[in-house]
Amino acid sequence: MSDGSASSTALSREARLRGYAAVIVSNIFFGLAIGMFLPLIPLRLDQQGTSALLIGVNAAASSCAIFFTGPFIGQVLRRAGYMGALFGGAVLFAAGTIAMVLLPGYIAWTVLRFVAGLGMSVHWVASESWLNAAADERERGRVLSIYVAAFIGGTAGGPLVLNLIGSAGDWPFYVIVLFSLLSALTILPGRLGAPVFEPLARAAFAKVFRIAPRLMSAGLLMGVAQGAALTLMALYGVRAGLSESDATLLQAALLGGGLLLQFPIGWLADRVRDRHRLIVLLSLVSVGGAALLVPLTQTPVLLYPMVVIWGGCLIGIYTVALALLGARFAMLGGMAAANAAFILTWELGTFSGGPVAGAAMQFMGPAGMAVVMGGAAAAVGLLMAWRAAIDRPG
């Protein structure tokens, strides 16, 4: 019996809904915490005179934590359960953050960022595994789309909160801890809706890549495109001739599209016969958005609506891919291992997306970022078209 199919049938509809709501609300608060944390640490390090290279190394500590956690997430969930993992992940993130107040200094902050990253990765994998394991196939796309939109909304709101209270002093850290603890507490009402974690079936972590190589490869490429967009979109705007404020709006438009279009995309994912073909369609729109970026940069009335649609489709690929992953491993078993492997490949892509796009911009000018994002989206579309054209796993 698989963890996905067992869980969705064993839980009552009311319990599942309570579980969905708890995970989604928890991720709104966790998104707020992360949305504050990500800009705060580089800003404070820069104020301390830390070099850009060392700030980048500090940021990489979070990604290293995700790579470290992936192979062990099944053991964590087996011992703690889904609710315990979400609660513990949020508390660990809070502990790593508050320790930064007590232990200032670059080396300590880099180690503590790794600790906070461990909590973040456990919360991330446990959230997606819970929803995918509990969801009925007929509603999987919509459930995951609401989750993605909630997390994006939280991460987008985090910088606004930071802007209100400022980055100086200890208060930003205290507010991050508060949001993290609220994330932990809001998961408790959904405890009866948590699926029961079963021992991994055929999908042990190392086997996931052999079972679904095209989906994992698509996750890597999606990460490259999204990593480039989320780290360099504002820089692209400035290099392309926009003012700093207008360039910042590009980033907001991209995330706004991800927030606004997730539920419609999730609704479609629950109604199409083949979600691979939906990803192909979203990839084509993403390629089109990349192609239009440079020509429309000096025409704001067209640029920003295009970026909203582009961002929605680009982020929507992740939502539909999660639904594909859930449908696949609900039958095979090993949902947590599959989610951990997918997140690891996606994070590897986001980790490399910024440097790859930055190098392209160095040699090709601002258009280099559009080339990298369009190329990655095109490769995702080709992989999914390949998968849709054959009648065997992968």
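Residues numbered from 1 in each chain as written. Predicted model: local features only at pLDDT ≥ 70, side-chain atom pairs only at ≥ 80, totals over all residues. Heavy atoms only, no water.

## Side note on the overall build of the protein chain
Link 1 in the chain: For the protein chain, the helix and strand inventory stands at 14 helices and 0 strands.
Link 2 in the chain: Scanning the protein chain from its N terminus toward the C terminus, one meets helices and strands in the order α-α-α-α-α-α-α-α-α-α-α-α-α-α.
Link 3 in the chain: Scaling as 2.2 N^0.38, a compact globule of 394 residues should have a C-alpha radius of gyration of about 21 Å, and the protein chain matches this with 20 Å.
Link 4 in the chain: With the C-alpha coordinates of the protein chain rotated into their principal frame, the extents come out at 55 × 55 × 35 Å.
Link 5 in the chain: Buried positions account for 57% of the 394 residues belonging to the protein chain.
Link 6 in the chain: For the protein chain, contacts bridging at least 24 residues in sequence account for 86% of all contacts bridging at least 6.
Link 7 in the chain: For the protein chain, the exposed surface amounts to about 15900 Å²; the carbon and sulfur share of it is 72%.
Link 8 in the chain: Counting 23 positive and 15 negative side-chain charges, the protein chain places the centres of these two groups 8 Å from one another. (Helix = DSSP H or I, 4+ residues; strand = E, 2+ residues; numbered from the N terminus. Rg over C-alpha atoms; globule rule 2.2 N^0.38 Å. Buried < 20%, exposed > 50% of the residue type's maximum accessible area, 1.4 Å probe, protein only. Contact = heavy atoms within 4.5 Å. Areas by Shrake-Rupley, 256 points an atom, 1.4 Å probe, with all protein chains shown as cover. Lys, Arg positive; Asp, Glu negative; His and termini not counted. Charge placed at Lys NZ, Arg CZ, Asp CG, Glu CD.)

## Brief notes about the confidence of the model for the protein chain
Link 1 in the chain: Across the protein chain, pLDDT averages 82, with 91% of residues at or above 70.
Link 2 in the chain: Put simply, helix H1 (residues 3-10) is where the protein chain has its lowest mean pLDDT, 46, and helix H7 (residues 171-185) is where it has its highest, 95.
Link 3 in the chain: Segment residues 1-9: pLDDT under 50, and 30 contacts once partners within four positions in sequence are set aside and those in other chains are kept. (pLDDT = per-residue confidence, 0-100.)

## Describing helix H6 (residues 140-165)
Since the α-helix packs 3.6 residues into each turn, any two residues three or four apart lie on the same face.
Link 1 in the chain: In this model H6 runs 38 Å from its N-terminal to its C-terminal C-alpha over 26 residues, within 8% of the 38 Å that 1.5 Å per residue would give.
Link 2 in the chain: Within two residues after H6, Gly 166 carries a phi angle of roughly 85°, on the positive side. (Expected span 1.5 Å × (residues − 1).)

## Some details on the environment of Tyr 20
Link 1 in the chain: Position of Tyr 20 relative to the elements: it lies in helix H2 (residues 13-47).
Link 2 in the chain: Accessibility expressed as a relative area gives 6% for Tyr 20, which makes it buried.
Link 3 in the chain: For the pair Tyr 20 and Tyr 147, spaced 127 residues apart in sequence, the C-alpha to C-alpha distance is 8.5 Å.

## Quick word on the side chain of Thr 319
Link 1 in the chain: With respect to the helices and strands, Thr 319 occurs in helix H12 (residues 300-332).
Link 2 in the chain: Residue classification places Thr 319 among the buried residues on the basis of a relative accessible area of 2%.
Link 3 in the chain: Residues in contact with Thr 319, not counting those within four places in the same chain, are Gly 141, Leu 144, Ser 145, Val 148 and Gln 262.

## Focus on the packing of aromatic side chains
Link 1 in the chain: Evaluated as defined, the whole model comprises 10 aromatic pairs.
Link 2 in the chain: Following the ring pairs from residue to residue traces out a cluster consisting of Trp 124, Tyr 318, Phe 342 and Trp 346.
Link 3 in the chain: A cation over an aromatic ring shows up here: Arg 214 above the ring of Trp 386, its NZ or CZ 4.6 Å from the ring centre. (Phe/Tyr/Trp six-rings, centres within 6.5 Å; stacked < 30°, edge-to-face > 60°. Lys NZ or Arg CZ within 6 Å of the ring centre and 35° of its normal.)

## Quick notes on the pattern of salt bridges
Link 1 in the chain: Tallied over the entire structure, the rule returns 5 salt bridges.
Link 2 in the chain: For the salt bridge of Asp 270 with Arg 142, the shortest nitrogen-to-oxygen distance reads 2.7 Å. Here Asp 270 is found in the loop between helix H10 (244-269) and helix H11 (275-296), whereas its partner Arg 142 is found in helix H6, with 128 residues between them in sequence.
Link 3 in the chain: Across the pair Arg 277 and Asp 274 runs a salt bridge, and its minimum N-O distance is 3.6 Å.
Link 4 in the chain: A residue is classified by how much of its surface remains accessible, and Arg 277, at 53% relative accessible area, is exposed.
Link 5 in the chain: Here the salt bridges share partners, and the residues they tie into one network are Arg 142, Asp 270 and Arg 275. (Salt bridge = Lys/Arg side-chain N within 4 Å of Asp/Glu carboxyl O.)

## Quick look at a nonpolar patch on the surface
Link 1 in the chain: A cluster of nonpolar side chains, contributed by Phe 87, Val 91, Leu 181, Leu 185 and Leu 188, occupies part of the molecular surface with about 360 Å² of accessible area.
Link 2 in the chain: Examined against the element boundaries, Val 91 turns out to sit in helix H4 (residues 73-102).
Link 3 in the chain: For Val 91, a relative accessible area of 32% gives the class partly exposed. (Patch = residues over 30% accessible without salt bridge, like charges linked within 9 Å, V, L, I, M, F, W, Y side chains within 5 Å.)

## Brief notes about the packing of H4 against H7
Link 1 in the chain: With their axes 8 Å apart at the nearest point, H4 and H7 run at an angle of 170° to one another. As summarised for this structure, H4 and H7 are arranged roughly antiparallel, according to the angle between their axes. As H4 packs across H7, the resulting crossing turns out to be left-handed. The segment H4 lies against H7, with Phe 87, Ala 90, Val 91, Phe 93, Ala 94, Thr 97, Ile 98, Met 100 and Val 101 engaging Phe 173, Tyr 174, Ile 176, Val 177, Ser 180, Leu 181, Ser 183, Ala 184 and Leu 185.
Link 2 in the chain: Within the contact of H4 with H7, the residues separate by chemical class into 15 nonpolar, 3 polar and no charged. (Axes fitted to C-alpha atoms, helices over the stretch in contact; angles between N-to-C directions. Parallel < 35°, antiparallel > 145°, perpendicular 65-115°, else oblique. Left-handed = near helix turned anticlockwise from the far one by under 90°. Nonpolar A, V, L, I, M, F, W, Y, C, P; charged D, E, K, R; others polar.)

## Things to note about the side chain of Asp 270
Link 1 in the chain: Its relative accessible area of 15% is what places Asp 270 among the buried residues.
Link 2 in the chain: Here the side chain of Asp 270 touches Arg 142 through a polar contact of 2.7 Å, side chain to side chain.
Link 3 in the chain: Other than its neighbours up to four places away in sequence, Asp 270 contacts Glu 137, Arg 138, Glu 139, Arg 140, Gly 141, Arg 142 and Arg 275. (Polar contact = N/O pair within 3.5 Å; in protein donor to acceptor, adjacent residues only side chain to side chain.)

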